[in-house]
Amino acid sequence: MVSVLEECRVSPPPNAIGEKTLPLTLFDMLWLHLHHVQSLLFFKFPHFKAHFIETTIPSFRHSLSLALKHFYPFSGNLLFPPNLKEPEIHYEDGDSVSLTFAESNIDFDCLIKNHQREMIPTRLAHYFGNTNRKLNFKDIDNFSPTNNSLATFLLSQADLQWLKKMVMIRCPTLSHLSSFTVTCAYTWVCIVKARVWIGEKVSENEVDHFGFSIDCRAHFDPPLPENYFGNCVVPYVITAKTMQLIDEDGFVIAANLIEAIKGKLGNKNEILEGFEKSITILSTINMERAVGVAGSPRFAVYDKDFGFGQLQKREFISIDETRSISLHEGKDKKGDIEIGLSLPNIKMDVFASIFTTGLVMCD
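Residues numbered from 1 in each chain as written. Predicted model: local features only at pLDDT ≥ 70, side-chain atom pairs only at ≥ 80, totals over all residues. Heavy atoms only, no water.

Some words on the packing of helix α5 (residues 157–170) against helix α8 (residues 250–262)
When two helices pack together, their arrangement is given by the angle between the helix axes and the distance between those axes.
Alright, step 1. Packing of α5 against α8 brings their axes to within 10 Å, and their N-to-C directions diverge by 90°. Our classification of the angle between α5 and α8 gives roughly perpendicular. Of the residues in α8, those touching α5 at L163, M166, V167 and R170 are F251, V252, A255 and N256.
Alright, step 2. Here the contact of α5 with α8 is built from residues that sort into six nonpolar, one polar and one charged. (Axes fitted to C-alpha atoms, helices over the stretch in contact; angles between N-to-C directions. Helix = DSSP H or I, 4+ residues; strand = E, 2+ residues; numbered from the N terminus. Parallel < 35°, antiparallel > 145°, perpendicular 65-115°, else oblique. Contact = heavy atoms within 4.5 Å. Nonpolar A, V, L, I, M, F, W, Y, C, P; charged D, E, K, R; others polar.)

Next comes the structure, spelled out in structure tokens:
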């Protein structure tokens, strides 16, 4: 049950910005046609409902208005000029974002647990999960939850070190192996195995794909500064035969494929070449056999303070439609990685068994 408390629109402070136009770059274009990352942040609110309505809502509206002064494109509109020029974000005084305050009687403690659970109800996801604001993406990114289950799995620092050791023993020439690489490789292989173990047929030449994005700011010459706020994220897609991934060495093969991408980021030309290849691959692959990544363990989301105390849970609700996994740092220990998945119930049960058993064998 969801009840709307207030619906409003919020603009930057009057006359604080003026009219602005922001052309989209090459790195922006691809994401126009893909699902956008949507997430929920769960906090325990320490006050009564009356305090929320009388104090929190006005404060939130004011804070959002001040924030939009610095991030005005979120208030603007995405325009496609009729003369075939590049799309652009246009802002003028009075443009705004929609903001909805609502309450639900869903069990909060159940929502923030890691165990297998139902997808958040559609109406709640609509009110709290639509982060696209007014960029006119509504028609291409409506959120419609499936009948999948959600679950969160944890790789501890000890698990990550063991997985790295497992790869390094087989591949002693590797100079470096990141926690991101082994997390993605291990999860990808477990997903592929789960699909096969529940009885899905696999031909000898069938392939699976894994896609992830790379921050390329540091790989340009000269490098872009760390405080560069524009989009400089490039998608990469790797492919492997399904039979190889479900083999005993599948995890090691997957880790090598992911880690090898980093060696191709030597200069701007290689980045652009990889970008073009990935676009071609994305347009041809079987999405039923593809897994993507949302989020990154590099983003310290559990350190964020909005005045509600410690964040209790972050949930990527968009993975329900995008066939992606979500990654972020562990809530309780730095260096741990939380992995979010959305899978049909039977496949989730099998995945959980494979994932857990593999780590027990590591011990």
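What about the sheet that holds strand β4 (residues 77–79)?
Alright, step 1. Strand order in the open sheet formed by three strands is β2-β5-β4, with antiparallel pairing between adjacent strands. Both outer strands of the open sheet, β2 (20–23) and β4, are each paired with one neighbouring strand and no more. Averaged over all pairs of adjacent strands, the angle between strand axes in this sheet comes to 30°, irrespective of strand direction.
Alright, step 2. As judged from the three bridges shared by β4 and strand β5 (residues 88–91), these two strands associate in the antiparallel manner. Bridge pairing in β5 links L78 to I89. (Pairing = 2+ DSSP bridges.)

What to know about helix α6 (residues 179–197)
The α-helix winds at 3.6 residues per turn, so residues separated by three or four positions along the chain end up facing the same way.
Alright, step 1. A rise of 1.5 Å per residue sets the reference length of α6, with its 19 residues, at 27 Å; its end C-alpha atoms lie 27 Å apart and thus fit the reference within 8%.
Alright, step 2. Among the 19 residues of α6, 16 are classified as buried, and the element is accordingly described as predominantly covered.
Alright, step 3. Just beyond α6, the residue with positive phi is G199, at close to 110°. (Expected span 1.5 Å × (residues − 1). Buried < 20%, exposed > 50% of the residue type's maximum accessible area, 1.4 Å probe, protein only.)

Examining the environment of S149
Alright, step 1. With respect to the helices and strands, the residue S149 is situated in strand β8 (residues 149–155).
Alright, step 2. Note on S149: relative accessible area 5%, which makes it buried.
Alright, step 3. When the C-alpha positions of S149 and L343 are compared, they lie 5.6 Å apart, and in sequence the two are 194 residues distant.
Alright, step 4. Other than its neighbours up to four places away in sequence, S149 contacts Q116, R117, L341, S342, L343, N345 and M348.

Quick word on the packing of aromatic side chains
Alright, step 1. Taken as a whole and judged by the stated rule, the model has 15 aromatic pairs.
Alright, step 2. Ring centres 5.8 Å apart and planes at 70° place the aromatic pair F45 and F308 in the edge-to-face group. Of the two residues, F45 is situated in the loop between β3 (39–42) and α2 (49–70) and F308 in the loop between β11 (290–295) and β12 (313–316); the sequence distance between them amounts to 263 residues.
Alright, step 3. What makes F45 partly exposed here is its relative accessible area of 29%.
Alright, step 4. Among the aromatic residues, those joined into a cluster by ring pairs are F43, F45, F52, F60, F101 and F308. (Phe/Tyr/Trp six-rings, centres within 6.5 Å; stacked < 30°, edge-to-face > 60°.)

Here's the deal with the pattern of salt bridges
Pairing is possible between side chains that carry opposite charge, provided their charged atoms lie close to one another.
Alright, step 1. Overall, the coordinates contain 13 salt bridges when judged by the stated rule.
Alright, step 2. R195 is the salt-bridge partner of E200, the closest N and O atoms lying 3.8 Å from each other.
Alright, step 3. Note on E200: relative accessible area 26%, which makes it partly exposed.
Alright, step 4. The class of R195 is buried, set by a relative accessible area of 4%.
Alright, step 5. D208 serves as the salt-bridge partner of R195, at 2.7 Å between the closest nitrogen and oxygen. A residue pair is termed long-range when its members are at least 10 positions apart, and R195 in helix α6 and D208 in strand β9 (residues 207–215) qualify at 13 residues. For the pair R195 and D208, a shared accessibility class is recorded, and that class is buried. (Salt bridge = Lys/Arg side-chain N within 4 Å of Asp/Glu carboxyl O.)

As for the nonpolar core
A general trend in soluble globular proteins is that nonpolar side chains are found buried together.
Alright, step 1. One finds W188, F210, F212, I325, L341, F351 and F355 to be the most contacted residues of the largest nonpolar core, which totals 54 residues.
Alright, step 2. Per element, the largest residue contribution to this core is 11 residues, and it comes from α6.
Alright, step 3. Dropping the residues within four chain positions of it, F212 is found in contact with F180, V234, P235, Y236, I238, I258, I261 and V293.
Alright, step 4. L40, M119, F316 and I319 belong to the second-largest nonpolar core, a separate cluster that totals 10 residues. (Core = buried A, V, L, I, M, F, W, Y, C linked by side-chain atoms within 4.5 Å.)

A few points about a nonpolar patch on the surface
Alright, step 1. A contiguous nonpolar surface patch, about 340 Å² in accessible area, is contributed by F71, F74 and F229.
Alright, step 2. Relative to the helices and strands, F71 resides in the loop between α2 and β4. (Patch = residues over 30% accessible without salt bridge, like charges linked within 9 Å, V, L, I, M, F, W, Y side chains within 5 Å. Areas by Shrake-Rupley, 256 points an atom, 1.4 Å probe, with all protein chains shown as cover.)

Concerning the confidence of the model for the protein chain
Alright, step 1. Mean pLDDT over the protein chain: 84, with 90% of residues reaching 70 or higher.
Alright, step 2. Within the protein chain, the element-level pLDDT minimum falls on helix α4 (residues 122–129), averaging 48, and the maximum on α6, averaging 96.
Alright, step 3. Scored below 50 in pLDDT, residues 126–142 shows 46 contacts in the model against residues more than four places distant or in partner chains. (pLDDT = per-residue confidence, 0-100.)

Here's the deal with the side chain of K347
Alright, step 1. For K347, the position within the fold is in helix α11 (residues 345–362).
Alright, step 2. Setting aside anything within four residues of it in sequence, one finds K347 in contact with A194, R195, I198 and E200.

Concerning the packing of α6 against α8
Alright, step 1. Remark: α6 packs on α8, axes separated minimally by 8 Å, with the N-to-C direction vectors making an angle of 135°. The orientation of α6 with respect to α8, classified from their angle, is oblique. Handedness of the crossing formed by α6 with α8: right-handed. Note on element contacts: α8 touches α6 through G250, F251, A254, A255, I258, E259 and K262, opposite T181, V182, C184, A185, Y186, W188 and V189.
Alright, step 2. By residue class, the composition of the contact of α6 with α8 is 10 nonpolar, two polar and two charged. (Left-handed = near helix turned anticlockwise from the far one by under 90°.)

Some remarks on unusual backbone geometry
Alright, step 1. Of note in this structure, N15 is not a glycine but carries a positive phi near 60°.
Alright, step 2. In this fold, N15 is placed in the loop between β1 (2–10) and β2.
Alright, step 3. On the basis of relative accessible area, N15 is assigned to the exposed category, the value being 68%.
Alright, step 4. A positive phi angle is found at R323, which is not glycine, with a value near 60°.

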